[in-house]
Amino acid sequence: MRGIRGIAVLALLLGAPAAHADPCSLTIESNDLMQFSARELAVPPDCTTVEVTLRNVGKLPARVMGHDWVLAKEGDLPAIVNAGLAAGLAHGYVAANDPRVVAATRLVGGGESATVQFSTAALVPGGRYAFFCSSPGHSSVMRGRFVFGGSGRLAQASK
Ligand code: ZN
């Protein structure tokens, strides 16, 4: 059921005209069903700064169904998740000053949103980056690919 709904949401996104004039500024949504609205985000290589806004369109509070948006190298994801679990809710499930974290929003509950801006100086074009939610248990489903220097469009719905 979860998968079918996810595809429907993604299809809506793919069918919509480009919502942002600025390709370096992205918005992604999350909900009470533990879903992100996209499985892949891409920014063109000429973005020196990227801005990502996470909107939680759910209704549940952050301590129950809070979400954040964390960007890192794909291979660093498990270690960041474990360190975030140890850090706990008080730290939004992201360890303070974790050098592996490229960018992270705060944890937001239903109806809230958060924006993070980060430099792309540390990113390698074509590198394997992942975004995910660090809430306990969420990253197994709330994750996607972040493409820096890719085609600049939302990608394949298949998965
Ligand atoms: Zn989450």
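Parameters and conventions
- Residues numbered from 1 in each chain as written.
- Predicted model: local features only at pLDDT ≥ 70, side-chain atom pairs only at ≥ 80, totals over all residues.
- Heavy atoms only, no water.
- Disulfide = S-S within 2.5 Å.
- Helix = DSSP H or I, 4+ residues; strand = E, 2+ residues; numbered from the N terminus.
- Buried < 20%, exposed > 50% of the residue type's maximum accessible area, 1.4 Å probe, protein only.
- Salt bridge = Lys/Arg side-chain N within 4 Å of Asp/Glu carboxyl O.

*Asks:* Can you help me understand the state of the cysteines in this one?
*Replies:* A covalent bond between the sulfur atoms of two cysteines is referred to as a disulfide. Scanning the model with the defined rule gives one disulfide in all. Paired through a disulfide, Cys-24 and Cys-47 show a sulfur-sulfur distance of 2.0 Å. The S-S bond linking Cys-24 to Cys-47 shows a torsion near -90 degrees; that makes this disulfide left-handed. Here Cys-24 is found in the loop between α1 (2-15) and β1 (25-30), whereas its partner Cys-47 is found in the loop between β2 (40-43) and β3 (49-56), with 23 residues between them in sequence. Taken individually, Cys-24 and Cys-47 each receive the classification buried, so the pair is uniform in this respect.

*Asks:* Just checking my understanding: could you explain the pattern of salt bridges for this structure?
*Replies:* In a structure, side chains of opposite charge can pair up when their charged atoms sit close to one another. Counting across every chain of the model gives four salt bridges. The partner of Glu-40 in a salt bridge is Arg-145, and the shortest N-O contact between them spans 3.2 Å. Residue Glu-40 is found in strand β2, and its partner Arg-145 is found in strand β8 (residues 143-148); the two are separated by 105 residues along the sequence. Residue classification places Glu-40 among the buried positions, given a relative accessible area of 10%. Residue classification places Arg-145 among the partly exposed residues on the basis of a relative accessible area of 43%. Note that Arg-128 is salt-bridged to Glu-74, the shortest N-O span being 3.4 Å. Remark: Glu-74 occurs in the loop between β4 (70-73) and α3 (77-87) and Arg-128 occurs in the loop between β6 (113-119) and β7 (129-132); sequence separation between them is 54 residues. Judged by its relative accessible area of 30%, Glu-74 is partly exposed.

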